[in-house]
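Secondary and tertiary structure notes
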Amino acid sequence: MSNEKKIILQANNIYKSFKRIDDQRLEVLKNITLEIEEGKLSVIVGASGAGKSTLLHILSGLDKPDSGSVTIFNNEITKLNDDKLSKFRNSTIGFVFQFHHLLPEFSAVENSAMPLFISGMDFTQAKTRAVELLHLVGLGERLTHKPSELSGGEQQRVAIARALAMSPKIIFADEPTGNLDSINGEAIHNLFLDLRDKLGITFLMVSHNPSLIEIGDIVYEMKDGLISTRN
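Residues numbered from 1 in each chain as written. Predicted model: local features only at pLDDT ≥ 70, side-chain atom pairs only at ≥ 80, totals over all residues. Heavy atoms only, no water.

Taking strand neighbours across the sheet as the criterion, the 6 strands line up as S6-S7-S8-S3-S9-S10 in an open arrangement whose pairing is mixed. A single partner strand is all that each edge strand has here, and the edge strands are strand S6 (93-97) and strand S10 (226-229). Put simply, the sheet's adjacent strands are angled 20° from each other on average, direction ignored. Looking at chain direction, S6 and strand S7 (residues 170-174) are connected through 5 bridges and run parallel. Bridge pairing links Ile93 to Ile170 in S7. Across the sheet, helix H6 (residues 182-199) is in contact with strand S3 (41-45), S7 and strand S8 (202-207); its angle to S8 comes to roughly 160°. (Pairing = 2+ DSSP bridges. Helix = DSSP H or I, 4+ residues; strand = E, 2+ residues; numbered from the N terminus. Axes fitted to C-alpha atoms, helices over the stretch in contact; angles between N-to-C directions. Contact = heavy atoms within 4.5 Å.)

Phi angles above zero are rare outside glycine, and Asn31 is one such case at about 55°. Here Asn31 is to be found in strand S2 (residues 25-37). Even without being glycine, Asp224 reaches a positive phi, approximately 55°. Summarising the element assignment, Asp224 is placed in the loop between strand S9 (218-223) and S10.

In this section: the sheet that holds strand S1 (residues 7-19). Ordered by their spatial adjacency, 4 strands build an open sheet running S2-S1-S4-S5, and the pairing between neighbours is antiparallel. This sheet does not close on itself; its edge strands, each paired only once, are S2 and strand S5 (75-76). Note: S1 against S2, 9 bridges, orientation antiparallel. Its bridge partner being in S2, Ser17 is matched across the sheet by Glu27.

Right, let's talk about the environment of Val131 for a bit. Here Val131 shows up in helix H4 (residues 123-136). Counting along the chain gives 79 residues from Val131 to Lys52, while the straight-line C-alpha distance between them is 33 Å. Apart from the residues lying within four places of it in its own chain, the contact partners of Val131 are Val109 and Leu143.

Right, dumping it as structure tokens:
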């Protein structure tokens, strides 16, 4: 059996800067190059302000670099127009953010099914899929609860189910446990590991939480706009 690594995301020479109040440029990312391996949970750690979220947004196509390229599954997303990029993200990528962004008037099932509704899937099929995903993330008993009736950890599990709705090949997670206590945070980390093993999904997560070093298959550290491998 081959142990050859399969690289599904490659970033080359990524630069990103922002204009400051004094009209000077602040270099946030300085010649970032990295590869993400399929089926692994990769973690980028670093202090607040190190450029982690900026990098994640560029790698996932939510933002564009000043220069450099990002290729996911042989698609150079930095060259795609907005329409093609949006379609690619919807079909290939899932997102989990620090703030879950659930719609307060809808139940856990309806929130989880939202990407499927938007894509045009039949209502009954979408809800069936959402129920399956909520069971998968451990919320089978909370299907009809609205966000206000769920704990912070449960709300984030709904957000994870929603991220899984379109069967993404890779999930980007930006400080996904930043608003949770240590117990709920650890439970979410373990859920990511479980989903990696059960579904073969690739995860790329950024966090300032150093404990994540222990769960990452591959760990990168960002400092002053530069990135290095921890293990």
